[in-house]
Each structure stands twice: as C-alpha cells, then as structure tokens.
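# What the coordinates show
Here is how the chains run, residue by residue.
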Amino acid sequence: FPVAGGTSGHLIGAALATAIFGLWPSIVIMAAVLLVQGLLFQDGGLDALGTNIFNMGIFGCCISSLVITVGRKLGERAFYPLVILAAWLSVIGAASLCAVELAISKTSPLEIVLPAMAVIHAVIGAFEGIITLVALRFIFAVNPALKQLHTGVVQ
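Keep in mind that what you see is a predicted model, and the values were worked out from it rather than measured.

### A short note on the environment of Trp 88
Inspection of the secondary structure puts Trp 88 in helix H4 (residues 76-104). Leaving out residues up to four positions away in the same chain, Trp 88 has contacts with Ala 122, Gly 125 and Ala 126. From its side chain, Trp 88 meets the backbone oxygen of Ala 122 in a polar contact 3.0 Å long.

### Regarding the environment of Leu 97
In this fold, Leu 97 is placed in helix H4. Owing to a relative accessible area of 24%, Leu 97 belongs among the partly exposed residues under this scheme. In this structure the C-alpha to C-alpha distance between Leu 97 and Phe 59, which are 38 residues apart in sequence, comes to 8.9 Å. Each residue touching Leu 97, except ones within four places of it in the same chain, is listed here: Phe 54, Asn 55 and Phe 59.

### Structural notes on the side chain of His 121
You can see His 121 is positioned in helix H5 (residues 110-142). Since its relative accessible area comes to 5%, His 121 is described here as buried. In terms of polar contacts, His 121 uses its side chain to reach the backbone carbonyl oxygen of Met 117, at 2.8 Å.

### Looking at the nonpolar core
Residues Ile 68, Phe 79, Tyr 80, Val 83, Ala 86, Leu 136 and Phe 140 are the most contacted members of the largest nonpolar core, which totals 16 residues. Mapped onto this core, the elements with two or more residues apiece are helix H1 (14-21), helix H3 (49-74), H4 and H5. Top contributing element to this core by residue count: H4, with seven residues. Counting residues in hydrophobic clusters, the runner-up holds eleven residues, among them Ile 12, Met 30, Ala 94 and Ile 124.

### Some details on helix H2 (residues 23-40)
End to end, H2 covers 26 Å across 18 residues, agreeing with the expected 26 Å (1.5 Å per residue, within 8%). Residues of H2 that are buried in the fold lie against H1 and H3. Phi turns positive one or two residues past the end of H2, at Gln 42, with a value near 50°.

The rules behind these values
- Residues numbered from 1 in each chain as written.
- Predicted model: local features only at pLDDT ≥ 70, side-chain atom pairs only at ≥ 80, totals over all residues.
- Heavy atoms only, no water.
- Helix = DSSP H or I, 4+ residues; strand = E, 2+ residues; numbered from the N terminus.
- Contact = heavy atoms within 4.5 Å.
- Polar contact = N/O pair within 3.5 Å; in protein donor to acceptor, adjacent residues only side chain to side chain.
- Buried < 20%, exposed > 50% of the residue type's maximum accessible area, 1.4 Å probe, protein only.
- Core = buried A, V, L, I, M, F, W, Y, C linked by side-chain atoms within 4.5 Å.
- Expected span 1.5 Å × (residues − 1).

Structural data, given as structure tokens:
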C-alpha cells in the first residue's frame with residue numbers, strides 16, 4: 001500500500017515466523033524473504049535491503065519474540081492474544097523505525113512520514129494480527145505436537 005513520504009506499507013510475517021520457529025531462525029527466514037522480495041519483485045530493492053532486514057527482520061522478530069515469550073509463560077489463554085499483539089507491534093514498530101530513519105537521512109520530514117506510516121501501519125498491523133492468529137491456529141490444528149512444543153499445552 002503506498003504511503004506518503006515515498007514509502008509503502010505491507011504485511012510482514014515476523015510474528016508468525018517467530019511463533020513457529022523461534023527468534024534466530026525467524027530472522028534468517030525474514031532475511032531470505034526480504035532478499036527474494038527485493039530481487040524478484042523489486043519491492044524495496046537492493047538499496048533498502050539492509051534497512052528492511054534490520055527493521056522488519058531483526059527488529060520485527062525481536063519484538064515478536066519478547067511478546068510471544070511472555071505469552072508462552074502465561075499459558076494458552078494469554079498466548080493467542082499476545083501473538084496478535086506481537087504481530088501488530090512488529091508492523092507498527094518496523095514502520096515507525098523506518099520513519100525515523102527516513103527523517104535522519106533527510107529523505108522525509110519526521111512530522112510528515114511518522115504519522116503517515118503509523119496510521120496506515122496501525123491498520124495493516126491489525127490485519128497482520130488476525131492473519132497471524134488464523135494461520136497459527138490452523139498450523140497447530142494440523143500439527144498438535146507443534147502446538148505443545150510452542151505453547152506447552154497438551155492436547
């Protein structure tokens with residue numbers, strides 16, 4: 001989705017990858033996804049690859065991991081709502097970080113790019129949370145052992 005200040009908004013998938021594979025594998029997965037996205041689809045391109053990997057891959061997965069870890073400790077009733085929160089935070093956090101980087105580079109003024117990025121990504125993040133929840137519940141339904149591994153809940 002085009003956003004003001006020469007940026008775009010899209011789903012990330014960092015929380016889903018983190019919930020299934022854990023922090024470090026999800027960072028590698030996100031880097032691979034962003035590389036393919038930049039090379040094949042010219043989304044972000046190679047010029048922004050490092051920043052995209054940092055913002056969406058590293059930061060997105062780290063914030064997701066923190067929230068999901070709390071969800072695992074609190075049990076299944078808290079796990080799923082916190083997965084939704086992790087997905088939303090990964091999207092809004094990566095977008096806000098991008099806005100700050102654009103302002104530091106003097107590409108776009110912070111007062112223009114931060115509100116533009118935050119508003120659209122708050123909506124995108126809500127959809128990301130719902131999609132992440134649905135995908136995760138489907139994956140756990142198909143593979144209950146994976147659910148036990150990640151949530152500690154025995155079927």
